[in-house]
Structures are given as structure tokens and as C-alpha cells.
Amino acid sequence: MNQSGETVKKGRKMGQLYYFEVKKIICKRVNQIAMLLGLLLMIICNIAQIQGETFRDGDKELSGVSAILRQEEIENSLTSVLNEEFLTDFLQEYQLQMSDSPYEYDWELIEPQRNLFSCISKNYVEWNEYINLENLNEINTDSGIGFYDRRIKKIETLLNAEYSYGNFSEAEKEYWLAKAKAVDIPFLWGGTNAWDIIWTGIELLFYLFFVISICISPVFAGEYQNRTDALLLTSKHGKSKVISAKILAAFTFVFIYITICSSASIGISCALLGIDGWNLPVQLWDTIIPYQMTVFKACIINLSVIFLISFFLTAFSLLISTLSKSPMIVLALSILLVFGTIFLPSSKSIGLWNKILYLFPLNCVDLKHVLRTYNSYQFGSLIISYLEMIFIVYIALTIICLLYTGKGFKNHQVKN
């Protein structure tokens, strides 16, 4: 009974410390301003990208929600499945209309179904080339366009190309080719416009890394700056529950704040545009993507990556906060880690450096880029995809930072 009462008492004490630490984070004026600006930025950016969409429907120039929904309606009416017969007939009709035209392509013909035209055109350029609508007239349709054969050939070209920083191993080639061939064909078809907007809204959440850095940097460093560290370290719970409460409060704040901002951003898009097309394959974004995945699942994974990097940034900021007496130094190092690394150049000769560079935060945020990048990590016979390695590395780094965070504050020596 005494032991049970002691446990309840300790739990109540921990709860009080946790509540106090959360309150310290959210009640600071600077933090409140940063949080509000971050949330407003997400809402404004989301509304701005929706309003910025345009679409010509006959003689009418549509914009905003009406443009997105009308284009989706037209795309959905074309077909539900991209089989070879439909693709061949679709392209033959376009080529027939263009047969007497002096131009390489006709945007007025293309625009009403621009997503489908782009999907076809992109499949027939090389893996390292940009989309070229002029090639629509050059695709041979006499015996079918061989859309899915072309997809595999393009991937094989990518895997067998010569790279100055090192080529794919035979095991990696087999791994990626098997993964690409396992994707269900023919692809389902429909308008992905609403999910393009949702996707971009999720990507824009990386701006909140600024807010996280601002709010978390003083958690431990602020104690040093205010000279309250001596009191905490000599108190009954200074080297145990206080540290746990600070860490838990920081992660709770980040989780709730990112959840609120992502809900606002995604919620606006879903409310205005709906969720049609959630079950469409990611290959409609780029046919060489080797993952069996819907756009809905891809958006969930992208959001998970944002949370994962946010948690790592939180753990990193907490660790540096235990080592520095100035929150400004913590803030500067956190921002440098996330945003400064974007300026690091890739290597033309060192493949290992490029593999490391791929794992820096801003290179992981754009999941469309991650999904179509045939980057893998081989350890003997084990091959880990780029996407899998992102989760492994950031979970491991977060845990390591947290382990050293507690030790760093415990070992802090107060100088008179």
C-alpha cells in the first residue's frame, strides 16, 4: 500500500513537472508569435496555390477551385484504366489532328487532357531528360505504343547507365527491376489535381522546422541563460524527472503543433476539392517510380517523414541546448543543419558522399523525388531502399540524440 501510494505520488509529481514545461514552451511570447506565423503561413500558402490554378475550358478561363474540379472531371471522363488499346487510340487521334499542323505540338489540343498527355510524353523521354511534348508526334502507333514495355526499358537504361561516381551493382539492378515489375499494370487513371495540391501542402510543412527550432532551443539553454540550472540540478528531481518532463514536453508540443498545422493545410484542400483519386497509383506522377503505392499512401508517408524529421530536429535541438548556454547558438545550429545543408554540392566521383547527401533533411522532404530516385544502400547481400533508409536513419539519430541529451544535462557543471 505504501509502495502504491509512493508510485501515485511520483506520477503526480511527474505530471506537474510535465505540465509546467509544456506551459513554459507555449506561453513564451516569442514562441506564440512563431507558432501563429507558422500556422498562418500554411493556411495562406495552401489557399494561394489553389487560387493560382488555372484551366481553359473552351472559351472560358477558369481559376481556383472551379479550374481544378473541371480539369478533374474531364480527366476522369477519358477512361478508368490506362490499357494499351486506349493509349494507342488516344495518341493516334492526337497525331491525326496534328498531321496538317506546322507546329510540333498544339497546346489548345493538349490542355484539356494535359495530365494524360504529360504522363505519356514523360514515359518516352530518357530518365535524365525533362518532359518534351514535341515527342508526342514521334511515338510510333502502328502496332500499339508499347507504353509499359517502354517504361521497363527506360528503367533498365537508368540502371545500366555509366555513372562517374559509381554504377549500380548487379544485386541492386535485380532488386530495383523486380520492384518496378511488381507494380500493377495497367495503371488506374483519373484526375490527381486535388492530391497534387494536398501533396504540395504537406511539403510546405518543412517551413515549420523554423518554428520548432525557435521554440525548442531554449528548453535547456534557457536554464543556463537564466541561471536556474543550479537550482534544478540540486533539486530532488533535477537529474531525473525534470529532464524527462522537458523532453516529453518538447515532443508533445512538436507533435500537437505539426498535427494542427497539417490538419489545417490538408483540411482546406479536402474541404474544397474532395478526395477523389485517392486510390490512383503514384506512377501517374512519374511512370518510372518503382513502388506499389497509391497517392493517398504516398501522402501519408510524406507526412510521416515530416513528423520524423521534426522529431529528429527536436532531439538535436535538445541535445545542443544541453551543451550551449545560448539559445541563439542552438537556434543557429538547428537551422544550419536543416537548411544550410541544401547548399552542399553532390560529388561527381564519390558515391558514398552522394548517398549521405541524399539523407539530409531537405532532400527527404520531397517524397516525389525520393520515390523516383533509384538510390539504395547495400550491405553485403542486404539492399535497403532510399525510402527505408530515411526511416532507419532518422529514428536512430533521434534515439541517439535523446540518450545523450539526458546525460549532457546531468553532467552539466555550474561554474561560480
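Remember, it's a predicted structure, so these values are computed and weren't measured experimentally.

> Quick one: what's the story with the environment of Ile-258, residue by residue and with numbers?
Here Ile-258 is to be found in helix H13 (residues 241–273). With a relative accessible area of 0%, Ile-258 lands in the buried category. Residues Ile-258 and Ile-306, 48 residues apart in the sequence, show an inter-C-alpha distance of 8.7 Å. Excluding residues that lie within four positions of it along the chain, Ile-258 makes contacts with Leu-208, Ile-212, Ile-306, Phe-307 and Ser-310.

> Which residues make up the pairing of strand E2 (residues 60–63), and what are the values?
Here is the key point about a regular strand: its side chains alternate between the two faces of the sheet. Two strands pair when backbone bridges link them, and strand E1 (residues 54–57) and E2 are joined in this way by four bridges, in the antiparallel orientation. Bridge pairing links Phe-55 to Leu-62 in E2. Hairpin connection of E1 to E2: two residues between the antiparallel strands, including Gly-58 at a positive phi of 70°.

> Which residues make up the environment of Lys-122, and what values do they have?
Its location among the elements puts Lys-122 in helix H6 (residues 114–123). Lys-122 gets classed as partly exposed once you look at its relative accessible area, which sits at 26%. Separated by ten residues in sequence, Lys-122 and Asn-132 place their C-alpha atoms 7.1 Å apart. Leaving out residues up to four positions away in the same chain, Lys-122 has contacts with Ile-131, Lys-154, Trp-285 and Asp-286.

> So what's going on with the packing of helix H4 (residues 84–98) against H6? Residues and values would help.
Here H4 crosses H6 at 105°, and the two axes come no closer than 12 Å. Considering the angle they form, H4 stands roughly perpendicular to H6. On the side of H4, the interface is formed by Phe-86, Leu-87, Phe-90, Leu-91 and Tyr-94, while H6 contributes Leu-116, Phe-117 and Ile-120. Here the contact of H4 with H6 is composed, by residue class, of eight nonpolar, no polar and no charged.

> I'd love a proper account of the pattern of salt bridges, names of residues and values included.
A complete count under the given rule lists eight salt bridges for this structure. A salt bridge links Arg-114 to Glu-111, with the shortest nitrogen-to-oxygen separation between them at 3.5 Å. Residue classification places Arg-114 among the buried positions, given a relative accessible area of 16%. On the accessibility criterion, Glu-111 (10% relative accessible area) is buried. The residue Glu-126 makes a salt bridge to Arg-150 at a minimum N-O spacing of 3.4 Å. Pair noted here: Glu-126 is in the loop between H6 and helix H7 (147–160) and Arg-150 is in helix H7, with a separation of 24 residues, a long-range link.

> Let's hear about the layout of surface pockets: which residues, and what values?
Taken as a whole, the largest pocket encloses approximately 1000 Å³ of empty space. No other element matches helix H16 (residues 351–357), which puts four residues into the lining of the largest pocket. Considered class by class, the residues forming the lining of the largest pocket number twelve nonpolar, twelve polar and eight charged.

> Could you give an account of the packing of aromatic side chains, naming the residues involved and the relevant values?
In total, this model carries 27 aromatic pairs according to the counting rule given. Pairing Trp-127 with Tyr-163 gives two aromatic rings, centres 5.8 Å apart and planes at 55°, and the pair type is tilted. Residue Trp-127 is found in the loop between H6 and H7, and its partner Tyr-163 is found in the loop between H7 and helix H8 (170–181); the two are separated by 36 residues along the sequence. Using a relative accessible area of 14% as the deciding quantity, one classes Tyr-163 as buried.

> Requested: an account of the environment of Trp-189, with residues and values cited.
Its place among the elements puts Trp-189 in the loop between strand E4 (187–188) and helix H9 (193–203). Its relative accessible area of 6% is what places Trp-189 among the buried residues. Ignoring anything within four residues of it in the chain, the contact list for Trp-189 reads Glu-75, Leu-78, Thr-79, Ser-80, Val-81, Leu-82, Asn-115, Leu-116, Leu-280 and Leu-284. Within the structure, the side chain of Trp-189 is placed 3.1 Å from the backbone oxygen of Glu-75, a separation counted as a polar contact.

> Account for the state of the cysteines, with residues named and values stated.
Taken as a whole and assessed by the stated rule, the structure comprises zero disulfides. The structure places no disulfide on Cys-270, whose sulfur is separated from the nearest cysteine sulfur, that of Cys-299, by 9.1 Å. Given a relative accessible area of 25%, Cys-270 falls into the partly exposed group.

Calculation criteria
Residues numbered from 1 in each chain as written. Predicted model: local features only at pLDDT ≥ 70, side-chain atom pairs only at ≥ 80, totals over all residues. Heavy atoms only, no water. Helix = DSSP H or I, 4+ residues; strand = E, 2+ residues; numbered from the N terminus. Buried < 20%, exposed > 50% of the residue type's maximum accessible area, 1.4 Å probe, protein only. Contact = heavy atoms within 4.5 Å. Pairing = 2+ DSSP bridges. Axes fitted to C-alpha atoms, helices over the stretch in contact; angles between N-to-C directions. Parallel < 35°, antiparallel > 145°, perpendicular 65-115°, else oblique. Nonpolar A, V, L, I, M, F, W, Y, C, P; charged D, E, K, R; others polar. Salt bridge = Lys/Arg side-chain N within 4 Å of Asp/Glu carboxyl O. 1 Å grid on protein atoms, 1.4 Å probe; cavity = no way out; pocket = protein on both sides within 12 Å on 5 of 7 lines; lining within 4 Å. Points joined across faces, edges and corners; volume = space filled by probe spheres on them. Phe/Tyr/Trp six-rings, centres within 6.5 Å; stacked < 30°, edge-to-face > 60°. Polar contact = N/O pair within 3.5 Å; in protein donor to acceptor, adjacent residues only side chain to side chain. Disulfide = S-S within 2.5 Å.

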